[in-house]
Amino acid sequence: MNLNDFVQTLHLEQAPAEADCALTAPAALGLIRVQGEDARDFLQGQLTNDINRVTPDEAQLSAWCTPKGRMLALMLIFQRGDDLYLQLPAERIEAVLKRLRMFVLRSKVTLDDASNELAVLALGGHCIDELLGSIPETDFASGQAEELTVIRFPGEVPRVQIIGDIQAISTFHERTGTRATAVSSVWWTAQNIRSGIPSVYDATAEAFIPQILNLDILGGISFTKGCYTGQEVVARMKYLGQLKRRMYLARFDGDITPQPGDSLFSPQSKSAQGAGKIVDVVPSSQGGWEVLVVAQIDIAETGDLHLGDAAGLRLELLPPPYGLETPE
């Protein structure tokens, strides 16, 4: 069985959405492998976070921005062997890879699509220690279990991503036996939404600066690392206190099927950008939809906010579980 066929077996449309010990293959993720003696220096000049803090024991979130500070991609970055990997939605791989390569110039670095070389599984529940042994204890910490890379993710439910080649992933999958229940890949996206972890898709590329998606709170920005593309805008937002939008949680019922990038409306908004946008969305296991949205802060706290237009469903927003206070 090739890698794509194996991963597809876990994308079960009728699979349960929740389980005590949940196993799935997160949908539509891609990987870019970064190699070469200048790999870290190259990424350090491109990304918002300090790439030198990525080790076999520590992964990180990081954004790649335009010179105007608009996010082209949000990546999970981890180290495996001597190589660095950038994980992001598969639909963004081609565009990001093509544009990143434009900046390589004479640097000794190679960038390759590694999406078909490694498989990604996700495991959640109190069975993790039982099936993997000891696991990283802090959010986005990384570890090794035999030939597998294991990365801890935040959330009320203990959960990890498990990354390896097809043989190692197949062996692990067989070892789970009946202990783990195969669930829909929607489960992983729902856990990210509930944890306030955003994604950037084709529909939302260049729509947000990093702080709007709460990356300053999530540890996805270094304000001490030095220059990178878009740094001027990101730094000005921090030090001049001009942030007027944040990302929130919401849930609603309705017959419409919302999509990332869909607009929000408020009669109180005077902004040419509108009142906000949907960042990510999944069908809820209780019915309706669970979403991450960006909204104007003043309207989110006291205003009247709707999907699409004035006749759209009204949204009640909640702060993400980590709150909206910027760390000192």
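Up top is the structure these notes are about.
One numbering rule holds for all chains: residues counted from 1, following each sequence as written. Residue-level local features of this predicted model are given only where pLDDT is at least 70; pairs of side-chain atoms are given and counted only at 80 or more, and the full residue set underlies all totals for whole chains, interfaces and linings. The side-chain numbers reported here are obtained from all heavy atoms of the structure, hydrogens and water having been left aside.

This part covers the side chain of S142. Note on conventions: DSSP H or I runs of at least 4 residues are helices, E runs of at least 2 residues are strands, and numbering of each starts at the N terminus. Assignment of secondary structure puts S142 in strand 8 (residues 142-145). S142 has contacts with P56, D57, E58, A59, P136, T149, V150 and I151, leaving out every residue within four places of it along the chain. We call two residues in contact whenever any of their non-hydrogen atoms come within 4.5 Å of each other.

Time to look at the sheet that holds strand 10 (residues 159-164). Strand order in the open sheet formed by 6 strands is 8-9-10-7-1-11, with mixed pairing between adjacent strands. Edge positions in the open sheet fall to strand 8 and strand 11 (181-182), since each of these has one partner strand only. Strands were regarded as paired on the criterion that DSSP finds at least two bridges between them. As defined by bridge partners, strand 9 (residues 148-153) adjoins strand 10 across 5 bridges and the pair is classed as antiparallel. Across the sheet, residue V150 finds its bridge partner in strand 10, namely I162. What counts as an axis is a line fitted to C-alpha atoms, over the stretch in contact for a helix, and the angles between N-to-C directions run from 0 to 180 degrees. Strands strand 1 (21-24), strand 7 (119-125), strand 9 and strand 10 of the sheet are contacted by helix 5 (residues 166-176), whose axis makes an angle of about 135° with strand 10.

What links the strands of a sheet is backbone hydrogen bonding, and the strands pair in either a parallel or an antiparallel sense. Strands sit in the order 16-13-14-15-12-17 across an open sheet of 6 strands; the sheet is antiparallel. Of all strands in the sheet, those with a lone pairing partner are strand 16 (306-307) and strand 17 (317-318), marking the two edges. Sheet topology note: the strand 14 (residues 276-283)/strand 15 (residues 289-296) ladder contains 7 bridges and is antiparallel. Looking at the pairing, D280 lines up with L292 of strand 15. The sheet contacts of helix 6 (residues 186-194) involve strand 12 (245-252), strand 14 and strand 15, and relative to strand 14 the element is tilted by about 140°.

What follows concerns the environment of Y85. Here Y85 is to be found in strand 5 (residues 83-89). Each residue is assigned to one of three classes by its accessible area relative to the maximum for its type, calculated with a 1.4 Å probe on protein chains only: buried under 20%, partly exposed between the two thresholds, exposed over 50%. On the basis of relative accessible area, Y85 is assigned to the buried category, the value being 7%. Separated by 44 residues in the primary sequence, Y85 and D129 place their C-alpha atoms 25 Å from one another. Ignoring anything within four residues of it in the chain, the contact list for Y85 reads L31, I32, R33, L76, I77, F78, R80, A114 and L118.

Basic side-chain nitrogens of Lys or Arg form a salt bridge, by our definition, when they fall within 4 Å of a carboxyl oxygen of Asp or Glu. Enumeration over the complete set of coordinates arrives at 12 salt bridges. In this structure, E117 engages R33 in a salt bridge whose closest nitrogen and oxygen atoms are separated by 2.4 Å. Residue E117 is found in the loop between strand 6 (110-113) and strand 7, and its partner R33 is found in strand 2 (residues 29-35); the two are separated by 84 residues along the sequence. What makes R33 buried here is its relative accessible area of 11%. Across the pair D304 and R314 runs a salt bridge whose closest N-O atoms are separated by 2.7 Å. Of this pair, D304 sits in the loop between helix 9 (297-302) and strand 16 while R314 sits in the loop between strand 16 and strand 17, and the two are 10 residues apart along the sequence. Since its relative accessible area comes to 41%, R314 is described here as partly exposed. Within this structure, R33, R101, D112 and E117 form a network of salt bridges that share partners.

As a further point, take the packing of aromatic side chains. Each pair of aromatic rings taken from Phe, Tyr and Trp, with Trp reduced to its six-membered ring, is defined by centres within 6.5 Å and is described as stacked if the planes are under 30 degrees apart, edge-to-face if over 60, and tilted in the remaining cases. Using the criterion set out here, one finds 6 aromatic pairs in the structure. Taken together, a centroid distance of 6.0 Å and an interplanar angle of 50° make the contact between W187 and W188 tilted. For the pair W187 and W188, a shared accessibility class is recorded, and that class is buried. Between the aromatic rings of F223 and Y239, the centroid separation amounts to 6.3 Å while the plane-to-plane angle is 75°, which identifies the pairing as edge-to-face. Note that F223 is positioned in the loop between helix 7 (215-218) and helix 8 (231-240) and Y239 in helix 8, a separation of 16 residues in sequence. Classification of F223 as partly exposed rests on a relative accessible area of 27%. Feature note: the residues F140, F153, W187 and W188 constitute an aromatic cluster, connected by ring pairs. Just above the ring of W188 sits the side chain of R159; from NZ or CZ to the centre is 4.5 Å. Throughout this description, the term charge over a ring refers to an Arg CZ or Lys NZ atom that lies within 6 Å of the ring centre and within 35 degrees of the ring normal.

These figures capture arrangement, not role.
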